[in-house]
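Each chain is listed here by its residues.
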Amino acid sequence: MAVFPWHSRNRNYKAEFATCRLETVPLEFGDYHPLKPITVMESKTKKVSRKGSTSSTSSSSSSVVDPLSSVLDGTDPLSVFAASADPAAKAAVKDSSRKKGDRDQNSIVGLDFEPWTSKRGEILARYTTTEKLSINLFMGSEKGRAGPAAFAVSEKVRTRLEELDDFEEGSQKELLNLTQQDYVNRIEELNQSLKDAWASDQKVKALKIVIQCSKLLSDTSVIHFYPSKFVLITDILDTFGNLVYERIFSMCVVDHSVLPGNFSPENVNDTARETCLNWFFKIASIRELIPRFYVEASILKCNKFLSKMGISECLPRLTSMIRGIGDPLVSVYARAYLCRVGMEVAPHLKESLNKNFFDFLLTFKQIHSDTVQNHLAVQGVELSSYLPLYSPAMDWIFQCISYHAPENLLTEMMERCKKLGNNALLLNSVMSAFRAEFIATRSLDFIGMIKECSEAGFPKHLLFRSLGLNLALADPPEGDRLQILNEAWKVITKLKNPQDYIDCAEMWAEYTCRHFTKREVNTVLADIIKHMTPDRAFEDSYPQLQSIIKKVIAHFHDFSVLFSVEKFLPFLDMFQKESVRVEVCKCIMEVFIKHQHEPTKDPVILNALLHVCKTMHDSVNALTLEDEKRTLACLINGFVKMVSFGRDFEQQLSFYVEARSMFCNLEPVLVQLIHSVSRLAMETRKVMKGNHSRKTAAFVRACVAYCFITIPSLVGIFTRLNLYLLAGQVALANQCLSQADAFFKAAISLIPEVPKTINIDGKMRPSEPFLLEFLCNFFSTLLIVPDHPEHGVLFLVRELLNVIQDYTWEETSDDRIRIYIYVLHLLSAMSQETYLYHVDKVDSNDSLYGGDSKFLAENNKLCEMVMTQILEHLRALAKDEALKRQSLLGLSFFNSILAHGDLRNNRLNQLSVNLWHLAQRHGYADTRTMVKTLEYIKKRGEQPDMTHLTELALRLPLQTRT
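What counts as what
Residues numbered from 1 in each chain as written. Predicted model: local features only at pLDDT ≥ 70, side-chain atom pairs only at ≥ 80, totals over all residues. Heavy atoms only, no water. Core = buried A, V, L, I, M, F, W, Y, C linked by side-chain atoms within 4.5 Å. Buried < 20%, exposed > 50% of the residue type's maximum accessible area, 1.4 Å probe, protein only. Helix = DSSP H or I, 4+ residues; strand = E, 2+ residues; numbered from the N terminus. Contact = heavy atoms within 4.5 Å. pLDDT = per-residue confidence, 0-100. Patch = residues over 30% accessible without salt bridge, like charges linked within 9 Å, V, L, I, M, F, W, Y side chains within 5 Å. Areas by Shrake-Rupley, 256 points an atom, 1.4 Å probe, with all protein chains shown as cover. Salt bridge = Lys/Arg side-chain N within 4 Å of Asp/Glu carboxyl O. Lys, Arg positive; Asp, Glu negative; His and termini not counted. Charge placed at Lys NZ, Arg CZ, Asp CG, Glu CD. Phe/Tyr/Trp six-rings, centres within 6.5 Å; stacked < 30°, edge-to-face > 60°. Lys NZ or Arg CZ within 6 Å of the ring centre and 35° of its normal. Pairing = 2+ DSSP bridges. Axes fitted to C-alpha atoms, helices over the stretch in contact; angles between N-to-C directions. Parallel < 35°, antiparallel > 145°, perpendicular 65-115°, else oblique. Left-handed = near helix turned anticlockwise from the far one by under 90°. Nonpolar A, V, L, I, M, F, W, Y, C, P; charged D, E, K, R; others polar. Expected span 1.5 Å × (residues − 1).

**Q** Can you tell me about the nonpolar core, naming the residues and giving the values?
**A** What tends to happen in soluble globular proteins is that the nonpolar side chains get buried as a cluster. Ranked by internal contacts, the top residues of the largest apolar core, which has 307 residues, are Y386, W508, I528, F568 and F893. The greatest single-element share of this core, amounting to 13 residues, is contributed by helix α9 (residues 226-251). In contact with F893, other than residues within four places in its own chain, are I821, L824, M867, I870, L871, L874, L911 and L915.

**Q** Tell me about the confidence of the model for the protein chain, and please be specific about residues and values.
**A** Fine structural detail should not be taken from predicted coordinates in areas where pLDDT scores are low. When pLDDT is averaged along the protein chain, the result is 83; 84% of the residues meet or exceed 70. Segment residues 69-75 is flagged for pLDDT under 50; beyond a separation of four residues in sequence, or across chains, it makes 9 contacts in the model. Under a pLDDT of 50 for its full length, residues 79-107 has, in the predicted model, 12 contacts with residues more than four places off or in other chains.

**Q** Can you explain helix α11 (residues 289-298)? Please cite residues and give values.
**A** Within α11, 8 of the 10 residues are buried, leaving the element largely enclosed by the surrounding structure. Of the surrounding elements, those touching the buried residues of α11 are α8 (203-215), α9, α10 (270-284), α12 (310-322) and α13 (328-345).

**Q** Describe in detail a negative patch on the surface, supporting the description with residues and values.
**A** Negative charge collects at one region of the surface, where E810, E811, D880 and E881 lie side by side. We classify E881 as exposed; its relative accessible area is 66%.

**Q** Kindly report on the pattern of salt bridges, identifying the contributing residues and their values.
**A** Counted under the stated rule, the structure contains 25 salt bridges. D235 is paired through a salt bridge with R120; the nearest N and O atoms lie 2.6 Å apart. Taken together, the positions of D235 in helix α9 and R120 in helix α5 (residues 117-126) put the pair 115 residues apart, joining distant regions of the chain. R120 gets classed as partly exposed once you look at its relative accessible area, which sits at 29%. Here K215 ties to E288 by a salt bridge, and the two come within 3.1 Å at their closest N and O atoms.

**Q** Could you give me a rundown of the packing of aromatic side chains, with the residues and numbers involved?
**A** On inspection of all chains with the given rule, the structure shows 40 aromatic pairs. Arranged with centres 6.1 Å apart and planes meeting at 65°, the rings of F571 and F575 form a pair that is edge-to-face. Residue classification places F575 among the buried residues on the basis of a relative accessible area of 1%. By the ring-pair criterion, three or more aromatic residues cluster together here, those being F113, W116, Y226, F230, F293, Y294, Y333, Y337, W396 and Y403. Residue placement shows K282 over the ring face of W279; its charged tip is 4.7 Å from the ring centre.

**Q** Mind laying out a nonpolar patch on the surface, listing which residues take part and the relevant values?
**A** Together, F17, L836 and Y837 give the surface a local cluster of nonpolar side chains, amounting to about 280 Å² of exposed area. Here Y837 is to be found in the loop between α39 (815-830) and α40 (845-849). Overall, the relative accessible area of 32% leaves Y837 in the partly exposed class.

**Q** Would you mind going over unusual backbone geometry in detail, with residue names and values included?
**A** Backbone geometry places D535, a non-glycine residue, at a positive phi of 60°. Along the polypeptide, D535 turns up in the loop between α25 (518-532) and α26 (542-555). Residue class for D535 comes out exposed when judged on its relative accessible area of 79%.

**Q** Give a detailed account of the environment of I135, specifying residues and quantitative values.
**A** Looking at the element boundaries, I135 is found in strand β3 (residues 133-138). The exposure class assigned to I135 is buried, which follows from its relative accessible area of 1%. C-alpha of I135 to C-alpha of N177: the two residues are 42 residues apart in sequence and 9.2 Å apart in space.

**Q** Mind laying out the pairing of strand β6 (residues 763-766), listing which residues take part and the relevant values?
**A** Sheet analysis places strand β5 (residues 757-760) next to β6, joined by 4 bridges and oriented antiparallel. In the strand pairing of β6, I758 is matched with R765. Where β5 folds back onto β6 in an antiparallel hairpin, the turn is made up of 2 residues, including D761, whose phi is positive at roughly 55°.

**Q** Quick rundown of the packing of helix α31 (residues 626-641) against helix α33 (residues 667-688)? Include the residues and the values.
**A** Contact geometry for α31 and α33: axes closest at 9 Å, N-to-C directions at 20°. The angle between α31 and α33 places the two elements in the roughly parallel class. For α31 against α33, the interelement crossing comes out right-handed. For the pair α31 and α33, contact is made by A633, I636, N637, V640 and K641 and by P668, V669, Q672, L673 and S676, respectively. Considering only residue class, the contact of α31 with α33 consists of 6 nonpolar, 3 polar and 1 charged.

**Q** Could you give me a rundown of helix α38 (residues 795-806), with the residues and numbers involved?
**A** It helps to recall that an α-helix has 3.6 residues per turn; residues three or four apart then point in one direction. Taking 1.5 Å per residue, 12 residues should reach 16 Å; α38 reaches 17 Å between its end C-alpha atoms and fits that length. Considered for burial, the residues of α38 that qualify are F795, L796, V797, L800, L801, V803 and I804. Check the buried side of α38 and you find it contacts α36 (737-750), α37 (768-782), α39 and α41 (853-879).

Structure below.
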């Protein structure tokens, strides 16, 4: 193949910039808005709204709706969609919205009322047992199934009566020695059986299951599990109550007319009313008190179908029924269930709920009766373990009573508690349920009541914990705050049990942080360290200690104040379990990054946070997940970015040197340090305005040396390549020419080590596209790098070409040839008298050689060598029948010659014609691209000194496909 010489065309960059600049078009903003809808009207002539817009004609007027413009018009796409829905759907939506509105209007319970569902999981998790449990399962009989539809009503009634008799006679099976999980599974099976029975129209069977489950609530044989049992059984009762209500409600639908949400009994038809009465009659016939009470309470809402006063009359009666329950634990949970149902169906009937509460107070002394004591003795249960079983029920009762209650009612309830001797259990429930503001304003009164409480059964530290929890939510009177803290801490600090102590200290630490200075916080932290250090008690209380740390850093955003707290770092030393210690350090760094808005050089902050970051860094090992490494590196980088010594650049560099030695195992941190040092060098250049003194020149060389030493320790191959390039650019900008050459040589020598595939986000991907991108950036920098006086002309470009030639490229890839084409662009730019861009105070080759003929000759030799490689590859593609690749590369090479070559040279002109034909030879060229390219050539030919392109265009035919 003949060698084609390369002739670069002379470039006038300023003139080219002028021709490529976008045209400025005047615009009248009053007539145009980008979000305004475009209206197309029928017109015989074209109307141009603005330059560049495309006009159109229409046979009829229409409007093009823009989703953004609808905001200006006041419409909503969802509203338009809803308006186009069918009438039935619109009616259903309207009815649903109306019922929801009625429900919200009539309901007194708001979002500020904590629902039962939020307490359910906590109760199940807290009240567990390892003892064996028993349960009675209902065994259904064949005759209990629904008969054919042809049965008369009397036969159905007789059948159901027989079923109930069968149940009373004992069609049950008792399962013994169940574990807690087995017991829970059996209850879930019963709940599912209830739903299945109801779905198959076996209403009596469903009732039997509910009665049987309700009976379980009278069993306190495994007393520690009773609160959890209550939760499980009442879930079944709730299911049953909802099924009955929905069944009766559905019977009221006549001719597709649904009852309104606030319906009255007059709207209920006779069939639904009779069915409702039938359910109440069935429940009234239950012989045992506890199942009769629970089942009737579960369908309390159904009284709405019978009379307006049904619920208000039923609630006092159910309250009185509870008086017949002898066991105080069973009784208090029955009251809790009645309060729960009452708040759901009739929250406005607070008088009945209050009566329930005062009944409870009258019978409260039964807890300490001889019967209860004997029962506890039989089970071997201590009073201190027994009394907390009342807490969930009592807390719920108090919450229902105190919800939106007037101050005088709450005061009355406090007085009644005092009359009962300031019982600790009652007082704890009061503080758990009453509004935090109510408790906070009477904090000293409550402290006095706590002091008078007896320690028997319910320890005082739990009362102080409840009080501290309230004071974390509401502020006491300012004048009382210090006295409250002193009174509480006198009791807390005397606690001997570390777990009891830390439970209280956790609550009161937040109170101290909210209302006092670092002095009081330091005293509290010192006391905690004193109590938790002996016998390494802190190892069992890491969650509470973590909570205290979070509360402290949440209130002390000024880290200079935080780290001046003498006992803060010793407090951190108690976290000796590595995983917990790292989590605490992460919390500290997250708060620092979030709230530290100004750079800092405070030595107290720096020393403390270096210690915190070193703790996080040292936790990294071979088993650490990549996500965890990224998180830790991100936090440490946030700290590094916030450290600034102002104009003391040497101190700043010393900090980076220390940070490199401390965080050497986290590559993202090293990368950040390299960027920070590079920025430090550029800031030095900015301060000196590019004119370095001897001192600053030595300093920037030290920065460059820092980068040169650090980069090889990185693992990522492309991370190293890009940082070598960046650091070389920084060195070049600071006139460190020999250092810049060292960086660029290091980058060139690293290219052969680039693997075929690299790991990106856990997936292996080909590396050649990334290498191609890097080399393009590298070429842009090499344009302005001056040649070394002791090396040959363009020595860096030659070395790079040798590496590219020796690199093993994929056989199916043309990236090597694309790189050669980019090299041609570089060499063409290097042949210009004045380069496109320069580095200030650095003489590039255009200044060094001044267009010397020997330099241009060497440049052209490199061009010819590169062109030879390109043409040989194009010929090889023809042999391999890779014709599409040949077409694309041929057109790319043609465009490069068109952009950078001097086509007045006959041989180069002929080469471009050959490439044009090659691109179209086998029909793989895109016709639209070829047409646009030819149009561009013709347009270029109209410019001065470009007439030769007009002649070239005549030699470039467009081939058609047949």
